[in-house]
Amino acid sequence: MAVPTLGLIGAAIVAWLAIGTIGLAAQTRFGFVSRGLFPAGAVAGLVLAAGAFCAVGAPPQSAVLPLGLPDLPFHLRVDALSAFFLLLLGVAGAAVSVYSAGYFRESEGAAPGLLCFQYHAFLAAMALVLVADDAYAFMVAWEAMALASFFLVTTDHRIAEIRRAGYLYLLIAHIGAIAILLAFGTLKGGGDYTFASMRAAAPSPGWATVAFFLALAGFGAKAGLMPLHVWLPEAHPAAPSPVSALMSGVMLKTAIYGLLRVTFDLLPAQAWWWGVVALALGLASALFGVIFAAVQTDMKRLLAWSSIENIGILVAGIGLAILYKAYGKPVLAAIAMTAVLYHAFNHALFKSLLFLATGSVLHATHERSLGRLGGLAHKMPWVAALALIGVLAIAGLPPLNGFVSEWLLIQAFLFTPTLPQSFVNMLVPLAAAALVLTAALAAYVMVKFYGVIFLGRPREPGLAYAKDAGRWERAALAALALGCIVLGLAPSAVIGWLDPVNALLVGATPGPGHWLMLAPFGEERSSYAPLVVLAVVGAVVLLTIQIVHRLWHGRVRRSDPWDCGFPLQTPRMQDTAEGFGQPIRQVFEPFFRMERELPSPFDAKPRYRVRADDPWWAWIYLPIVRATEWAGRLAGRLQHGRISVYLTFSFVTLLALLAFVR
Amino acid sequence: MTAAGILSQFLQAGLALALAPLLVGWVAMCRAWLANRSAPPITLPYRTIRKLFAKDAVVAHNASPIFRLTPYVVFGAMVCSAAIIPSLATEVPFAAAADAIALVGLFALARVFIALAAMDIGTAFGSLGARREMFVGFLAEPALLMVLFTASLISGSTSLPSIVDTLAHRELAIYPSLAFSGVAFTMVSLAENARIPVDNPATHLELTMIHEAMLLEYSARHLALLEWASALKLLNYSCIGLALFFPFGIAGGDGDWGAIALAVPALVAKLGAGGFALALIETVSAKMRIFRAPAFLGPAFLLAVLAMLVHLLLGS
């Protein structure tokens, strides 16, 4: 019997909307909202995940809802691709909901009921984006998602900076939405706006290219692809941590979903050079993102830049898949695509985990600046231990999940010499070099993130009162950490399960796996068995401990730190976030817009200040702002405030129009 | 998987564990000879390790579990990588579990743990060492990967035994891509093993140290394990270099006991020569300022990329 997957998914969406409405009605009853409604939302998320899990392997199911304008009903459809992203949404959404049950405090920001409504509307809108099967429903859901997340970002709207971040976010979201709308318009061809007729439309190569680049710009703006990334490091830190987790972990993936849907599903064929552009843009984003993450001093902003990096890696992988598919190498495309999908899921897990961990740190210390944290591993052992798993995973270390997707992507890169065009053959190994540089820098960033927050000694006396996260928060963090471990240890099972998605997107699947060993091209070519690696390293560790303790002893004496015998140590002597990022700032100086304030030697109170800003502001955004202001001033000359002048303008316009139209 | 394969697997890991301190002792000895000093005994690293194991471990009051776990994790990662590098025979059953990329991943795991442990106590030197180690690492790790990529492209496989098999059975000639890779690999190995010109293993001068700064808070068995692990790391890098660029004398994958027996003295001889070369490089070069490290490792990375391009262009 077929599982009514679309029914389950629809039920979850309706449940989210209902929970949000109840929350709106029960504005003031804080306990009910946080302990009743958010866990209920988590259950709905699990239902959605269950439906999506069954839908991946099942044939597509569709429905038509008589909503919206007359003659424009909502078309819904669940196929393997939507199901994969719905599963991601359901899993991450459930974890974040559980966390939120313990996170929101009565006295903070917006009224809890309002927050509950916005939060669940956001979840429902994201799910609708993923099941929409016509451009109209897609855009409605897309805009609902943007609006709900805008209101969530500006929860603390009394702070001017947050209002500014929200405005920037909304602005770029709408620029992106226009591009997406135009992309759909281009794709429409002769038929209507359903995705089915777009698939059948078969646009000419020129129009297909226009549609692809509009989609890349539109979805890239949402995903934070360079140069449309500037909103991301502003908006993510401004939002409450569970919302940051959802935005970074899930919402950015809806943009990846859209890009995949348009490129591989709606467009009939791909040109190889689209892949080169996507690869270049993706790698530039990745490298830029990770370099900027290394110099951040705000923990949430650091994670936001790291999201730009990860999105860059995803887009680079998509570019590689386009390249392989265009050259008629579907199996290689399938491996690149597997890496993209795997990494998307991984990123949803570990980035949510880390954002939620910063939320717990924020609650315990009321501090976001890395320069005022430190030593929290002792005060918050649970959060520290679970965040460590996330950090090791995002740094791409075996045997966790980040390494699996990195490994797959590198394997896909190493196969390019089989392509017919020598220019591309040269290019792709260079891209592989950029990718491994990014991966190595990611480890740098994560050591900084974890080391400065959780290790060392507390940099402020107030940190002594920090308390570990509560039960709800711990449960959510533990669930996400478990996900990182499972995806790290059982990649073959997951990849086998992804086959329908790959078949839909690129028309091929990677080679059959071994349950223990990941070997997409066969064992003689390359193989990786995370369970065996973990078992061997673990066995060596345990054996060493046993042997050392048996042969000698296990005595430990506690004492003050030695530090080369230097007696006067203060926590201020540890590296700050600026200090830890300084080598990167120095090596990659041309990437930053540096602002330095150096003291003169005769200064009584010498002051040294350095700021490393995003140069894209100066390169693109400020010129646009200036041009707009200039155009505005020019138009302002028309404004005189005298009715007779305006009537003259109207008259002249009318005459001109008559002359033209006649 | 044959009996010879399993035997050579264990022989290889055991030999690596046993030989690693000897290699460190040998390099120190050569350095002393080259500097016209009287040399310390070659067994000194063994004695140091034994002495350290017998002592009581002193741990700072504010050390977290990461600090105490790190020596074991680093040691485990190094033993694991010693087991997958085909230094004696190309039939190493465990190598199927982790290929060249996973090998670099294991090195990165060790690096991240040791950097975190260095930041754990919250001393100035610890975080300084961690920062510098990650700084050197982010340049050296991609370069090492690119070297391994070039070898993978030549052999069409990222599995280390297949790479070595392919390289060992090519006709004897100078391949430009391998020459570039070899130079890049040498530079990376110097940096990664805390050797002159990037770091100095013999100094405790605060301003110059990288690796030692991270170990300052360690004592007794923890220090012993970390010293042993860094000796193993040196041995691992040497074995990778020997396997990629001098893959002669490594037993093939046909379970030939005689070949394995012959591979042991060949490996020892090659390591002896390699250790002497390392000592020679260290003697004739000067330690550079930490911020010159990019000027040293950047070219290593570019050379490695160049090697790959040369391979793709010339097919050799």
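Residues numbered from 1 in each chain as written. Chains lettered and ligands numbered in written order. Predicted model: local features only at pLDDT ≥ 70, side-chain atom pairs only at ≥ 80, totals over all residues. Heavy atoms only, no water.

1. So, the overall build of chain A
No. 1: Along its length, chain A carries 24 helices and 5 strands.
No. 2: In terms of overall size, chain A behaves like a compact globule, its C-alpha atoms giving a radius of gyration of 26 Å where 662 residues would be expected to give roughly 26 Å.
No. 3: Overall, the C-alpha framework of chain A stretches about 100 × 70 × 60 Å when taken along its three principal axes.
No. 4: A total of 662 residues make up chain A; the buried ones form 57% of that total.
No. 5: Counting contacts in chain A only where the partners sit at least 6 residues apart, residues at least 24 apart contribute 79% of the total.
No. 6: If you average the places of the 44 positive and of the 33 negative side-chain charges in chain A, the two averages end up 4 Å apart. (Helix = DSSP H or I, 4+ residues; strand = E, 2+ residues; numbered from the N terminus. Rg over C-alpha atoms; globule rule 2.2 N^0.38 Å. Buried < 20%, exposed > 50% of the residue type's maximum accessible area, 1.4 Å probe, protein only. Contact = heavy atoms within 4.5 Å. Lys, Arg positive; Asp, Glu negative; His and termini not counted. Charge placed at Lys NZ, Arg CZ, Asp CG, Glu CD.)

2. Focus on the overall build of chain B
No. 1: A tally of helices and strands in chain B yields 11 helices and 1 strand.
No. 2: Going from the N terminus to the C terminus, chain B shows its helices and strands as α-α-β-α-α-α-α-α-α-α-α-α.
No. 3: Expected size for 316 residues packed as a compact globule is a radius of gyration near 20 Å; at 19 Å, chain B falls within 12% of this value.
No. 4: Taking the principal axes of the C-alpha coordinates as reference, chain B spans close to 55 × 45 × 40 Å.
No. 5: Buried residues in chain B amount to 66% of all 316 residues.

3. Brief notes about helix α18 (residues 471-489) of chain A
Residues and elements named next belong to chain A.
No. 1: Its 19 residues place the ends of α18 27 Å apart at the C-alpha level, agreeing with the 27 Å of an ideal helix rising 1.5 Å per residue.
No. 2: Of the positions making up α18, those classed as buried are Glu473, Ala476, Leu477, Leu480, Ala481, Gly483, Cys484, Leu487, Gly488 and Leu489.
No. 3: Against the buried residues of α18 lie α3 (80-103), α13 (330-365), α15 (381-394), α16 (401-413), α19 (491-497) and α21 (530-551). (Expected span 1.5 Å × (residues − 1).)

4. A few points about the domain arrangement of chain A
No. 1: We note that the domain assignment places domain 1 (348-541) and domain 2 (619-661) within chain A.
No. 2: One C-alpha centre belongs to domain 1 of chain A, the other to domain 2 of chain A, and the line joining them spans 54 Å. (Domains from an automatic or database assignment.)

5. Overview of the side chain of Asp133 of chain A
No. 1: Position of Asp133 of chain A relative to the elements: it lies in the loop between α4 (112-131) and α5 (135-153).
No. 2: Arg199 of chain A provides the closest opposite charge to the buried, unpaired Asp133 of chain A, separated from it by 4.2 Å. (Salt bridge = Lys/Arg side-chain N within 4 Å of Asp/Glu carboxyl O.)

6. Some details on the interface of chain A and chain B
No. 1: Facing the 73 residues of chain A at the interface are 76 residues of chain B.
No. 2: For the pair chain A and chain B, the summed buried surface comes to about 6,700 Å²; carbon and sulfur atoms form 73% of the total.
No. 3: Across the contact surface, chain A and chain B share 2 salt bridges.
No. 4: Put simply, Asp56 of chain B and Arg555 of chain A hold a salt bridge, and the shortest N to O gap is 2.8 Å.
No. 5: Counting the contacts that link chain A with chain B gives 25 residue pairs in polar contact (both at pLDDT 80 or more).
No. 6: Taken together, the elements giving at least two residues each to the side of chain A that touches chain B come down to α14 (376-379), α15, α16, α17 (422-454), α21, β3 (556-559) and α22 (577-587) of chain A.
No. 7: Looking at the side of chain A that touches chain B element by element, the count peaks at 16 residues for α17 of chain A.
No. 8: Tallied by class, the residues present in the side of chain A that touches chain B amount to 47 nonpolar, 17 polar and 9 charged. (Buried area = accessible area lost by both parts, 1.4 Å probe. Polar contact = N/O pair within 3.5 Å; in protein donor to acceptor, adjacent residues only side chain to side chain. Nonpolar A, V, L, I, M, F, W, Y, C, P; charged D, E, K, R; others polar.)

7. Considerations on the packing of helix α1 (residues 3-34) of chain B against helix α10 (residues 257-284) of chain B
Residues and elements named next belong to chain B.
No. 1: Running from amino to carboxyl end, α1 crosses α10 at an angle of 25°, the nearest separation of the two axes being 9 Å. Considering the angle they form, α1 stands roughly parallel to α10. You can see that α1 and α10 cross each other, and the crossing is right-handed.
No. 2: For the contact of α1 with α10, a count of residues per class yields 21 nonpolar, 4 polar and 2 charged. (Axes fitted to C-alpha atoms, helices over the stretch in contact; angles between N-to-C directions. Parallel < 35°, antiparallel > 145°, perpendicular 65-115°, else oblique. Left-handed = near helix turned anticlockwise from the far one by under 90°.)

8. Looking at the pattern of salt bridges
No. 1: With the rule as written, the count across this model stands at 21 salt bridges over all chains.
No. 2: The residue Arg572 of chain A makes a salt bridge to Glu460 of chain A at a minimum N-O spacing of 3.1 Å. Residue Arg572 of chain A is found in the loop between β3 and α22, and its partner Glu460 of chain A is found in the loop between α17 and α18; the two are separated by 112 residues along the sequence.
No. 3: Residue classification places Arg572 of chain A among the exposed residues on the basis of a relative accessible area of 54%.
No. 4: Here Glu282 of chain B and Arg31 of chain B are joined by a salt bridge, their closest N and O atoms 3.5 Å apart. With Glu282 of chain B in helix α10 and Arg31 of chain B in helix α1, the pair connects residues that are 251 residues apart, well separated along the chain.
No. 5: In this structure, a network of salt bridges that share partners links the residues Arg77, Asp79, Arg199, Arg261 and Asp265 of chain A.

9. Digging into the packing of aromatic side chains
All names here are of chain A.
No. 1: Summed over the entire model, instances satisfying the criterion amount to 41 aromatic pairs over all chains.
No. 2: Here the aromatic rings of Phe288 and Phe292 are separated by 5.1 Å at their centres, their planes lie at 25°, and the arrangement is stacked. In this pair, Phe288 and Phe292 both sit in helix α11 (residues 272-294), 4 residues apart, roughly one turn of the helix. Each member of the pair Phe288 and Phe292 is classed as buried. (Phe/Tyr/Trp six-rings, centres within 6.5 Å; stacked < 30°, edge-to-face > 60°.)

10. Brief notes about the packing of α17 of chain A against α22 of chain A
All names here are of chain A.
No. 1: Between α17 and α22, the least distance of the axes is 10 Å, while the angle of their chain directions is 165°. When the axis of α17 is compared with that of α22, the two are roughly antiparallel. Like other packed secondary-structure pairs, α17 and α22 cross with a definite hand, here right-handed. Residue-level inspection shows Leu441, Tyr444, Val447 and Lys448 of α17 in contact with α22, the latter providing Ala577, Phe580, Gly581, Pro583 and Ile584.

11. Notes on the environment of Thr90 of chain B
Residues and elements named next belong to chain B.
No. 1: Mapping Thr90 onto the fold places it in the loop between α3 (65-84) and α4 (100-120).
No. 2: Thr90 sits in the buried class, given a relative accessible area of 9%.
No. 3: Separated by 217 residues in the primary sequence, Thr90 and Ala307 place their C-alpha atoms 24 Å from one another.

12. Overview of the state of the cysteines
No. 1: Across all of its chains, the model carries 0 disulfides over all chains by this definition.
No. 2: No disulfide involves Cys30 of chain B; its sulfur sits 17 Å from that of Cys239 of chain B, the nearest cysteine. (Disulfide = S-S within 2.5 Å.)

13. Regarding the nonpolar core
No. 1: Phe138 and Phe184 of chain A are the most contacted members of the largest nonpolar core, which has 360 residues in total.
No. 2: When residues no more than four places from it in sequence are discounted, the contact partners of Phe184 of chain A are Ala135, Phe138, Met139, Tyr193, Phe195, Met198, Val262 and Leu266 of chain A. (Core = buried A, V, L, I, M, F, W, Y, C linked by side-chain atoms within 4.5 Å.)

14. Examining a nonpolar patch on the surface
No. 1: A cluster of nonpolar side chains, Phe651, Val652, Leu654, Leu655 and Leu658 of chain A, forms an exposed patch at the surface whose accessible area comes to about 510 Å².
No. 2: Look at Leu654 of chain A and you get exposed, because its relative accessible area is 52%. (Patch = residues over 30% accessible without salt bridge, like charges linked within 9 Å, V, L, I, M, F, W, Y side chains within 5 Å. Areas by Shrake-Rupley, 256 points an atom, 1.4 Å probe, with all protein chains shown as cover.)

15. Comments concerning unusual backbone geometry
Most peptide bonds are trans, and most residues other than glycine sit at a negative phi.
No. 1: In this structure, the amide linkage connecting Pro398 of chain A to the following residue, Pro399 of chain A, adopts the cis form with an omega of 0°.
No. 2: Mapped onto the secondary structure, Pro399 of chain A falls in the loop between α15 and α16.
No. 3: With an omega dihedral of 10°, the bond running from Ile196 of chain B to Pro197 of chain B counts as a cis peptide bond.
No. 4: Following the sequence through the fold, Pro197 of chain B ends up in the loop between α7 (176-192) and α8 (211-215).
No. 5: Not every positive phi belongs to a glycine, and Asn36 of chain B is a case in point at roughly 65°.

16. Observations regarding the confidence of the model for chain B
No. 1: Chain-level pLDDT for chain B is 87 on average; 96% of the residues reach the 70-or-more range.
No. 2: Reported for the predicted complex are a pTM of 0.93 and an ipTM of 0.93. (pLDDT = per-residue confidence, 0-100.)

17. Remarks on the side chain of His553 of chain A
No. 1: When you line up the elements, His553 of chain A lands in the loop between α21 and β3.
No. 2: Of the polar contacts made by the side chain of His553 of chain A, one reaches the backbone oxygen of Ala54 of chain B; its length is 3.0 Å.
No. 3: From its side chain, His553 of chain A meets the backbone oxygen of Lys55 of chain B in a polar contact 2.9 Å long.
No. 4: Discounting chain neighbours no more than four positions away, the residues touching His553 of chain A are Val548 of chain A together with Phe53, Ala54, Lys55, Asp56 and Arg221 of chain B.

18. Examining the environment of His222 of chain B
Residues and elements named next belong to chain B.
No. 1: Tracing the backbone shows His222 in helix α9 (residues 220-245).
No. 2: The buried category is assigned to His222, whose relative accessible area is 2%.
No. 3: Along the backbone, His222 and Ala140 are 82 residues apart, and their C-alpha atoms lie at a distance of 26 Å.
No. 4: When neighbours within four sequence positions are excluded, His222 is seen to be in contact with Ala57, Val59, Arg68, Pro71 and Tyr72.

19. Here we look at the environment of Leu622 of chain A
All names here are of chain A.
No. 1: Position of Leu622 among the secondary structure elements: in helix α23 (residues 615-636).
No. 2: When its relative accessible area of 33% is taken as the criterion, Leu622 is described as partly exposed.
No. 3: Once the C-alpha coordinates of Leu622 and Pro561 are considered, the two residues, 61 residues apart in sequence, prove to be 50 Å apart.

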